[in-house]
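Read off the chains here:
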Amino acid sequence: MEPLTLGIVVLAGMLAAVLAGVPVGYALLAAGTIGYAILGGASQALTQIGLALWDNGTNFLFIAVPLFILMGQIIFHAGLADDIFSVAQRSLRRLPGGLGISTVVASAGFGAVTGSSVAAVATMGNIAVPEMVKRGYSEKLATGSVASAATLAILIPPSVPLVIYGVWSETSIGALFIAGIVPGLLLTLLFALALMMQRGQYPAVSGAGTPNPRPRSAMATGVLTIATVAVIVIGGIYAGIFTPTEASGIGVLAVLVLAAASRRLKLAALRAALEETVRTSAAIFLILTGGVVLSRFLVQTRLTDAVVGLVAGLDVAPQIVLLALVVVYLVLGAIMDTFGMLILTLPLVLPITVALGYDPIWTGIYLTVLMEIAMITPPIGLNVFVLERATGVPAQRIFAGVWPFVAASLVLVLVLIFFPGLATWLPNTMQR
Amino acid sequence: MLSRIIGLWEGWAAYILLPALAVLVGMDVASRYLFNLPFQWGSDVKELMLLLVVTAGLPGTSLANQHIRVALFDDRMSPRAKNAWGLARHLLTAIAALFIGYAVLNQTLDMYRYGDRAEMIDIPFWPIALLVTIAVVLSVLAELARAVAIIRGRP
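Computed from a predicted structure; not experimentally measured.

So, the overall build of chain B
Stage number 1. Secondary structure summary: chain B contains four helices and zero strands in total.
Stage number 2. Along chain B, helices and strands appear, N-terminal first, in the series α-α-α-α.
Stage number 3. The C-alpha radius of gyration of chain B comes to 19 Å, more than 25% above the 15 Å expected for a compact globule of 155 residues.
Stage number 4. Summarising its shape, the C-alpha atoms of chain B cover approximately 65 × 35 × 30 Å along the three principal directions.
Stage number 5. Counting every position in chain B, which comprises 155 residues, the buried fraction comes to 46%.
Stage number 6. Taking the intrachain contacts of chain B between residues at least 6 apart in sequence as the baseline, contacts between residues at least 24 apart amount to 72%.
Stage number 7. If you sum the accessible surface of chain B, you get close to 8,000 Å²; carbon and sulfur atoms cover 66% of it.
Stage number 8. When the 13 basic and 11 acidic side-chain charges of chain B are each reduced to a single mean position, those positions are 16 Å apart.

Set out below in structure tokens:
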């Protein structure tokens, strides 16, 4: 069999296995191994698995993944996100849809200390949805806004998908983090506008009732903790004081010290955070390793070159190709989770965007926004199902509420395509 | 029995190695900035700890069925078809994990034979690779345990 044909057959087989429900990491590893075995013999295949496992598992940059996950998990289990929501609620209650906007702002704030949107949606779902529904917001708007705003966590640094992207594409993770700030803030604003425009879905009278009976000083503790950690981590990376890996360790220690000092962290919560972190990191690591094995095999079959050549040879504007990617990610997002989608597509998508003249840092941000959209659109929409589990609101009702926020995200997609500098100018100003 | 072994295996990574990794990363930065004394061996040790943390979580993730996967057709199958496919899926995953285990075992033997070591600190690689092999073998057993549970009607 010709190597190119073999590459196509192996890729198709891997997609079939993934669709059939085999864990994505194992499907990627198995496909790459079988491909290598046919191409270069069983011995080469075994060597490749061993090398990929060892090289990825001992990759210094990857240390940031478990540590950023742990940081978010500790904040989640310590209940510190409640405070940021309460303070946002007090500050923004006079605006139309103020409570909803508080949710969006609190999600963005929580995103600044966690790199996982699942942690953000589980946290904000429990805190914000009951409060919004109690205050007369429709269930559709309450859940739709929470599911959508939680996706800000993977765009606003630190972001676990951006670490994976940086490791995989050998792009500066620090620069990627800083590049996510402006698009993240813009998307926060767009989400707030999308919410305000849904007038029939929230009570007309603003500022009604007392937002939270807890004293301001108690709420200030959580907000100060989150703000301190965010400043240390993001500021340290921007100023060139820490690498992202170092920032992740410092961030974990800072959260631990501040949460313990304010007596918000119980031993059982810490145990749960540690266990969850180890399992999530293992699942991500397996996907990353499988993706590396498969993509190395695809490069050997020259399938990557063929696809890039095909797309680069198309007589269309680069923007059209980028818009076509939106459709690809919406379809993939309908059947796959963020990490699977990222690792599966990177071997082909990154060379294409680079061939079209786009910076790999820009590509990382662009793909993250596309993944955000995929996380809230049916039929899979991971965030929606996490929120369904957290609140008991049926997924169909949540899906019905996300469309205005999907539209807001698509506005950001267009802005990024036509003004790529939005993502690249801030990293260009940072100390390296 | 298997779940207890896997719990212990995951536990030492979660409660000891992971916090130690965070402390080491933080202390290395502090030592560098405060005393101008970065740990020369820091990178080697941190990288090996990372490998152990991420692989130690694999068996528990398998046993708890928490691997990232697409569940598109799960709800559309009859209970019998769902069980049959679940069984096949766990067996396929166990076979894939077995290959990985065999590959890592080969690597462990090579590391032992050639005396591979870390660069800045005298740590031989083969014991670490052996621990990774054990983690992968436990993952195989975890997938098989889930397959057996389906056969017994307790998926």
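Some remarks on the overall build of chain A
Stage number 1. Helix and strand counts for chain A stand at 21 helices and zero strands.
Stage number 2. For chain A, the C-alpha radius of gyration of 22 Å lies close to 22 Å, the compact-globule estimate for 432 residues.
Stage number 3. Taken over the C-alpha atoms alone, chain A extends approximately 70 × 45 × 45 Å along its principal axes.
Stage number 4. For chain A, the residues scored as buried account for 60% of the 432 residues in total.
Stage number 5. Counting only carbon and sulfur atoms, one obtains 67% of the accessible surface of chain A, whose full area is about 14,900 Å².
Stage number 6. Taking the 19 positively charged and 16 negatively charged side chains of chain A as two groups, their mean positions are separated by 18 Å.

As for the packing of aromatic side chains
Stage number 1. Evaluated as defined, the whole model comprises eleven aromatic pairs over all chains.
Stage number 2. Clustering of aromatic rings is evident, with ring pairs tying together A:Tyr358, A:Trp362 and A:Tyr366.

Thoughts on a nonpolar patch on the surface
Residue and element names in this part refer to chain A.
Stage number 1. A surface patch of nonpolar side chains, amounting to about 650 Å² of accessible area, comprises Leu314, Val316, Ile320, Leu323, Leu414, Phe418 and Phe419.
Stage number 2. Among the elements of the structure, helix H16 (318-333) and helix H20 (395-418) are those that each provide at least two residues to the nonpolar patch.
Stage number 3. Assignment of secondary structure puts Val316 in the loop between helix H15 (303-312) and H16.
Stage number 4. Here Val316 falls in the partly exposed class, since its relative accessible area comes to 41%.

Describing the packing of helix H14 (residues 267-301) of chain A against helix H1 (residues 2-35) of chain B
Stage number 1. It is the contact of H14(A) with H1(B), at a shortest axis distance of 9 Å, that shows an interaxial angle of 105°. Taken together, the axis directions place H14(A) and H1(B) in an arrangement best described as roughly perpendicular. Residue-level inspection shows A:Arg271, A:Leu274, A:Glu275, A:Thr277, A:Val278 and A:Arg279 of H14(A) in contact with H1(B), the latter providing B:Glu10, B:Ala13, B:Ala14, B:Tyr15, B:Leu18 and B:Pro19.
Stage number 2. Classifying every residue of the contact of H14(A) with H1(B) by side-chain character gives seven nonpolar, one polar and four charged.

Details of the pattern of salt bridges
A side chain with one charge may pair with a side chain of the opposite charge, provided their charged atoms come close.
Stage number 1. Per the stated rule, a full pass over the model turns up nine salt bridges over all chains.
Stage number 2. With its nearest N and O atoms 3.7 Å apart, the salt bridge here joins A:Lys134 to A:Glu131. With A:Lys134 and A:Glu131 both in helix H7 (residues 117-134), this residue pair falls three residues apart, about one helical turn.
Stage number 3. The shortest N-O distance in the salt bridge between A:Glu246 and B:Arg32 comes to 2.6 Å. Taken together, the residues span two chains, with A:Glu246 in helix H13 (residues 244-261) and B:Arg32 in helix H1.

A look at helix H4 (residues 125-151) of chain B
Stage number 1. A rise of 1.5 Å per residue sets the reference length of H4(B), with its 27 residues, at 39 Å; its end C-alpha atoms lie 40 Å apart and thus fit the reference within 8%.
Stage number 2. Following H4(B) by one or two positions, B:Gly153 adopts a phi angle in the positive range, close to 80°.

So, the nonpolar core
Stage number 1. Ranked by size, the top nonpolar core spans 190 residues in total, and within it A:Phe62, A:Ile164, A:Leu294, A:Tyr366, A:Leu367 and A:Leu416 carry the most contacts.
Stage number 2. If near-sequence neighbours (up to four positions away) are discounted, A:Leu416 is found in contact with A:Pro183, A:Trp362, A:Ile365, A:Tyr366, A:Val369, A:Leu422 and A:Ala423.
Stage number 3. If you look at the next biggest cluster of nonpolar residues, it comprises seven residues, including B:Ile6, B:Trp9, B:Ala13 and B:Leu138.

Quick notes on the interface of chain B and chain A
Stage number 1. Listed per partner, the contact involves 55 residues of chain B and 54 residues of chain A.
Stage number 2. Between chain B and chain A lies a buried interface of about 4,600 Å² when both sides are counted; carbon and sulfur atoms form 77% of it.
Stage number 3. Considering only the surface of chain B that becomes buried against chain A, B:Tyr15, B:Ile68 and B:Val70 emerge as the three largest contributors, covering 15% of it.
Stage number 4. Inspection of the chain B/chain A interface yields two salt bridges.
Stage number 5. The tally of links from chain B across to chain A stands at eight residue pairs in polar contact (both at pLDDT 80 or more).
Stage number 6. At the level of elements, H1, helix H2 (42-63), helix H3 (79-114) and H4 of chain B are the ones that each hand at least two residues to the side of chain B that touches chain A.
Stage number 7. Classifying every residue of the side of chain B that touches chain A by side-chain character gives 36 nonpolar, 13 polar and six charged.

Structural notes on the side chain of A:Thr353
Residues and elements named next belong to chain A.
Stage number 1. By secondary structure assignment, the location of Thr353 is in helix H17 (residues 338-355).
Stage number 2. Side-chain polar atoms of Thr353 contact the backbone oxygen of Leu350, separated by 3.0 Å.
Stage number 3. Setting aside chain neighbours within four positions, we find Thr353 in contact with Leu322, Leu325, Tyr358 and Thr363.

Observations concerning the packing of helix H2 (residues 24-40) of chain A against helix H3 (residues 42-57) of chain A
All names here are of chain A.
Stage number 1. For the pair H2 and H3, the least separation of the axes is 7 Å and the interaxial angle reads 145°. In this structure, H2 meets H3 at a crossing whose hand is right-handed. Along its contact with H2, which presents Leu29, Thr33, Tyr36, Ala37 and Gly40, the element H3 presents Ala42, Gln44, Ala45, Gln48 and Ile49.
Stage number 2. Split into classes, the residues belonging to the contact of H2 with H3 amount to six nonpolar, four polar and no charged.

So, the environment of A:Met124
All names here are of chain A.
Stage number 1. Relative to the helices and strands, Met124 is located in helix H7.
Stage number 2. On the accessibility criterion, Met124 (0% relative accessible area) is buried.
Stage number 3. Met124 sits 254 residues away from Pro378 along the chain, and the two C-alpha atoms are 20 Å apart.
Stage number 4. Non-local contacts of Met124, meaning those with residues more than four positions away in its chain, are made with Phe85, Thr103, Ala106, Ser107, Val129 and Val146.

Examining the environment of B:Asn65
Residue and element names in this part refer to chain B.
Stage number 1. Residue placement: Asn65 occurs in the loop between H2 and H3.
Stage number 2. For Asn65, a relative accessible area of 33% translates into the label partly exposed.
Stage number 3. In sequence terms Asn65 and His90 are 25 residues apart; their C-alpha atoms lie 9.6 Å from each other.
Stage number 4. In contact with Asn65, not counting residues within four places along its chain, are Arg89, His90 and Arg146.

Comments concerning unusual backbone geometry
Stage number 1. With omega at -5°, the peptide bond leading from A:Pro157 into A:Pro158 counts as cis.
Stage number 2. Counting through the fold element by element, A:Pro158 comes out in the loop between helix H8 (139-149) and helix H9 (160-169).
Stage number 3. Of note in this structure, B:Asn36 is not a glycine but carries a positive phi near 55°.
Stage number 4. With respect to the secondary-structure elements, B:Asn36 resides in the loop between H1 and H2.

Rules and cut-offs
- All residue numbers here refer to positions counted from 1 along the written sequence of the relevant chain.
- The naming scheme follows written order: chains are lettered A onward, ligands numbered 1 onward.
- Thresholds applied to this predicted model are a pLDDT of at least 70 for local features of residues and 80 or more for the giving and counting of side-chain atom pairs; totals over whole chains, interfaces and linings are not thresholded and use all residues.
- The side-chain numbers reported here are obtained from all heavy atoms of the structure, hydrogens and water having been left aside.
- Where helices and strands are cited, they refer to DSSP runs of H or I of at least four residues and of E of at least two residues respectively, numbered from the N terminus.
- Only the C-alpha atoms count toward the radius of gyration. The rule for a globule is 2.2 Å times the residue count to the power 0.38.
- A 1.4 Å probe rolled over the protein chains alone gives each residue an accessible area, and that area as a share of the maximum for its type sets the label: buried under 20%, exposed over 50%, partly exposed in between.
- Whether two residues are in contact is decided by their heavy atoms, any of which lying within 4.5 Å being enough.
- All accessible areas in this document rest on Shrake-Rupley with a 1.4 Å probe, and a residue is counted as covered only by the protein chains that are shown.
- Positive charges come from Lys and Arg alone, negative charges from Asp and Glu alone, with His and the N- and C-terminal ends not counted.
- To locate a charge, take NZ of a lysine, CZ of an arginine, CG of an aspartate or CD of a glutamate.
- Working definition: a ring pair exists when centres of Phe, Tyr or Trp rings (six-membered ring for Trp) sit within 6.5 Å. Plane angles under 30 degrees give stacked, over 60 give edge-to-face, the rest tilted.
- Patch definition: residues above 30% relative accessible area lacking any salt bridge, with like charges linked at up to 9 Å and the nonpolar side chains Val, Leu, Ile, Met, Phe, Trp and Tyr linked at up to 5 Å.
- Definition used for salt bridges: Asp or Glu carboxyl oxygen within 4 Å of a side-chain nitrogen of Lys or Arg.
- Angular values range over 0 to 180 degrees, each being the angle between N-to-C directions of two axes fitted as lines to C-alpha atoms, with helices fitted over their stretch in contact.
- Roughly parallel means an angle under 35 degrees; roughly antiparallel, over 145; roughly perpendicular, 65 to 115; everything else is oblique.
- Asp, Glu, Lys and Arg are counted as charged, while Ala, Val, Leu, Ile, Met, Phe, Trp, Tyr, Cys and Pro are counted as nonpolar; the rest, among them Gly, fall into the polar class.
- For a helix, the expected span equals 1.5 Å multiplied by the number of residues minus one.
- What we call a nonpolar core is a set of buried Ala, Val, Leu, Ile, Met, Phe, Trp, Tyr and Cys residues that are connected through their side-chain atoms within 4.5 Å.
- Each of two parts loses accessible area, computed with a 1.4 Å probe, when they are put together; buried area is these two losses added.
- For the purposes of these results, a polar contact is taken to be a pair of N or O atoms within 3.5 Å, where, inside protein, one atom must be able to donate a hydrogen and its partner to accept one; residues adjacent in sequence count only when each atom of the pair is a side-chain atom.
- The hand of a helix crossing depends on one turn: near helix anticlockwise from the far one by less than a right angle means left-handed, and clockwise means right-handed.

Keep in mind these numbers describe shape, not what the thing actually does.
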